[in-house]
Amino acid sequence: MTTTVKRTRAGAAKNPAPTQKQLWAAAEDKVPSLAAAVNFLQKCRLIPEGSHALTSEALITGLLHLAYLRPAHEFAAEGLVALAHVAKAVTTEFAQEAVSRAVLERAEDQLALRLDEHASHVETRVAELTQGVEGMRKEMETTVAELRATCDSVQRAEGELCAACQSLTLAAQSRPMTHATGESTTAAQSLTIDSAPTRVRRAATLADLLQRQVLVRGATLQDDLGNKLTSEQVCVRARGAMDDMARAGLSSPGEGIIEEAKVLPHGDVVFTTASREMARWLLKPTVAKPFARKMGMTAQVVERTYRLVAERVPVSFNPQDVLRARPKGRGSG
């Protein structure tokens, strides 16, 4: 017995026990990674196999089993190192899940906000389109009403011209005629606008007004603040454009000015000038282009016209020519 104890002590002296530092270093060398830790723990049946190996439940199970086994120093160090790898993996997974959850919640909030903004934009756009369609419908109704009124005016003007033609024919027929060659006759009285019937004077006044008017399409009818301009403001703007053109060398003929401007419901502008020469001068290409540019980028100056059909009106007529007035009067009824 004494000899055996001496031999054991001699062996211990030759192979001393490792220190704690050496013990942990050796354990870390044997279990260097997570894969090695899982393999070690599953071989020792400390954690379950499959997809449940790296979970918090597996970690708790491994710790309880390791404490129940009461292993030796080397085995305990290796088990604790392996479980440390598992705990680190579980903690990392929890952190990633928390980050992913926070990112997902933030993304959901941002997506909901963007969807709300997009829905609001779509609703606003739909409202604008609806308002635009309603405005176009009202403008079309106004244009149709204006066209109807214009057609009625043209029909009335046509009737007045026919009546004026008949009045002129009757006036020519009522003048005394020459009964024989060489016999003196009473000279036919000259016809003037003042002595003409009311219908004739009205038609002549309308014709003179149309000859003094020009039409501008596509003019800018808003100021810098987006406020709609009235007819008076458009007239002042046109007069300012005429002054600028005069300073640039494009002077209007005589005392020609723009007397009035009228903004039509569909956006065109009718300018009434002081004379026919002024209107014809504005229609010249060398004048119309700079004037239209001052009225708007897309403005165009066109002639103010109406379509009018007068039936059975002679091309030329001299009320003093009695010989030709009578057959024309009979032909006109």
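Structural data are supplied above this passage.
Every value quoted in this text rests on a predicted model; they were computed, and no experiment measured them.

Engineer: Go over the pairing of strand 3 (residues 269–273) with me, naming the residues and quoting the values.
Structural biologist: Within strand 3, 5 of the 5 residues are buried, leaving the element largely enclosed by the surrounding structure. Here strand 2 (residues 258–263) pairs with strand 3 via 5 bridges, running antiparallel. Within strand 3, the position partnered with Val263 by the bridge is Val269.

Engineer: Any chance you could break down the pattern of salt bridges for me, citing the residues and the numbers?
Structural biologist: Enumeration according to the criterion identifies 7 salt bridges in this entry. In this structure, Glu259 engages Arg212 in a salt bridge whose closest nitrogen and oxygen atoms are separated by 3.5 Å. In this pair, Glu259 sits in strand 2 while Arg212 sits in the loop between helix 6 (198–211) and strand 1 (213–217), placing the two residues 47 residues apart along the sequence. Taking relative accessible area as the criterion, Arg212 reaches 15% and is therefore assigned buried. Salt bridges sharing partners connect three or more residues here, namely Glu134, Arg137 and Glu141.

Engineer: Could you give an account of the side chain of Thr272, naming the residues involved and the relevant values?
Structural biologist: In this structure, Thr272 sits in strand 3. Only 3.4 Å separates the side chain of Thr272 from the side chain of Gln213, close enough to count as a polar contact. If we skip the residues at most four places from it in the chain, Thr272 touches Leu209, Arg212, Gln213, Ile258, Glu259 and Glu260.

Engineer: Quick one: what's the story with a nonpolar patch on the surface, residue by residue and with numbers?
Structural biologist: Together, Trp24, Leu63 and Leu80 make up a nonpolar patch on the protein surface, roughly 260 Å² of accessible area in all. For Leu63, the position within the fold is in helix 4 (residues 56–69). You can call Leu63 partly exposed: its relative accessible area is 41%.

Engineer: Which residues make up the sheet that holds strand 4 (residues 300–303), and what are the values?
Structural biologist: Within a sheet, each strand pairs with its neighbour through backbone hydrogen bonds, oriented either parallel or antiparallel. With respect to topology, 4 strands assemble into an open sheet ordered 2-3-1-4, the strand pairing being antiparallel. Strand pairing shows two members of the sheet lacking a second neighbour, strand 2 and strand 4, which therefore form its edges. Strand-to-strand twist across the sheet, computed as the mean angle between neighbouring axes with direction ignored, equals 25 degrees. By the bridge criterion, 4 bridges tie strand 1 to strand 4 in an arrangement that is antiparallel. Considered in strand 4, the bridge of Val214 is made with Glu303. Of the strands in this sheet, strand 1, strand 2, strand 3 and strand 4 touch helix 9 (residues 285–295), which is tilted by about 125 degrees from strand 4.

Engineer: Pulling in residues and values, what's your account of the packing of helix 7 (residues 231–247) against helix 9?
Structural biologist: When two helices pack together, their arrangement is captured by the angle between the axes and the distance separating the axes. Where helix 7 meets helix 9, the axes come as close as 10 Å, and the angle between the chain directions of the two elements is 130 degrees. Put simply, helix 7 runs oblique to helix 9. The two elements helix 7 and helix 9 cross, and the hand of that crossing is right-handed. Residue-level contacts link Val234, Arg237, Ala238, Ala241, Met242, Asp244 and Met245 of helix 7 to Val287, Pro290, Phe291, Lys294 and Met295 of helix 9. Of the residues contributing to the contact of helix 7 with helix 9, the split by class is 9 nonpolar, no polar and 3 charged.

Engineer: Lay out the packing of aromatic side chains in plain terms, naming residues and giving numbers.
Structural biologist: In the structure shown here, the tally under the stated rule is 1 aromatic pair. Between Phe271 and Phe291, the ring centres sit 5.9 Å apart and the planes meet at 75 degrees, which makes this aromatic pair edge-to-face. Highlighted residues: Phe271 in strand 3 and Phe291 in helix 9, separated in sequence by 20 residues. Note on accessibility: Phe271 and Phe291 belong to one class, buried.

Engineer: Mind laying out helix 3 (residues 34–43), listing which residues take part and the relevant values?
Structural biologist: Given 3.6 residues per helical turn, the α-helix brings residues three or four places apart onto the same face. The set of residues buried in helix 3 consists of Ala37, Val38, Phe40 and Leu41. Each buried residue of helix 3 sits inside an arc of 165 degrees when the element is viewed along its axis, so together they form one side. Residues Ala35 and Lys43 are exposed on helix 3 and point more than 90 degrees away from its buried face. Looking one or two places after helix 3, you find Arg45, whose phi comes out positive at around 60 degrees.

Engineer: How would you explain helix 7 if you had to name every residue and give the values?
Structural biologist: Between its first and last C-alpha atoms helix 7 spans 25 Å; for 17 residues at 1.5 Å apiece the expected length is 24 Å, and the two agree. Taken residue by residue, helix 7 has Val234, Cys235, Ala238, Ala241, Met242 and Met245 as its buried positions. Along helix 7, the residues classed as buried sweep out an arc of 120 degrees about the axis, all on the same side. Opposite the packed face of helix 7, turned more than 90 degrees from it, sit the exposed residues Glu232, Val236 and Arg247. Buried positions along helix 7 lie against strand 2, strand 3, helix 8 (276–282) and helix 9. Phi for Gly249, located one or two positions after helix 7, is positive at around 110 degrees.

Scoring rules and cut-offs
Residues numbered from 1 in each chain as written. Predicted model: local features only at pLDDT ≥ 70, side-chain atom pairs only at ≥ 80, totals over all residues. Heavy atoms only, no water. Buried < 20%, exposed > 50% of the residue type's maximum accessible area, 1.4 Å probe, protein only. Helix = DSSP H or I, 4+ residues; strand = E, 2+ residues; numbered from the N terminus. Pairing = 2+ DSSP bridges. Salt bridge = Lys/Arg side-chain N within 4 Å of Asp/Glu carboxyl O. Polar contact = N/O pair within 3.5 Å; in protein donor to acceptor, adjacent residues only side chain to side chain. Contact = heavy atoms within 4.5 Å. Patch = residues over 30% accessible without salt bridge, like charges linked within 9 Å, V, L, I, M, F, W, Y side chains within 5 Å. Areas by Shrake-Rupley, 256 points an atom, 1.4 Å probe, with all protein chains shown as cover. Axes fitted to C-alpha atoms, helices over the stretch in contact; angles between N-to-C directions. Parallel < 35°, antiparallel > 145°, perpendicular 65-115°, else oblique. Left-handed = near helix turned anticlockwise from the far one by under 90°. Nonpolar A, V, L, I, M, F, W, Y, C, P; charged D, E, K, R; others polar. Phe/Tyr/Trp six-rings, centres within 6.5 Å; stacked < 30°, edge-to-face > 60°. Arc of directions from axis to C-beta. Expected span 1.5 Å × (residues − 1).

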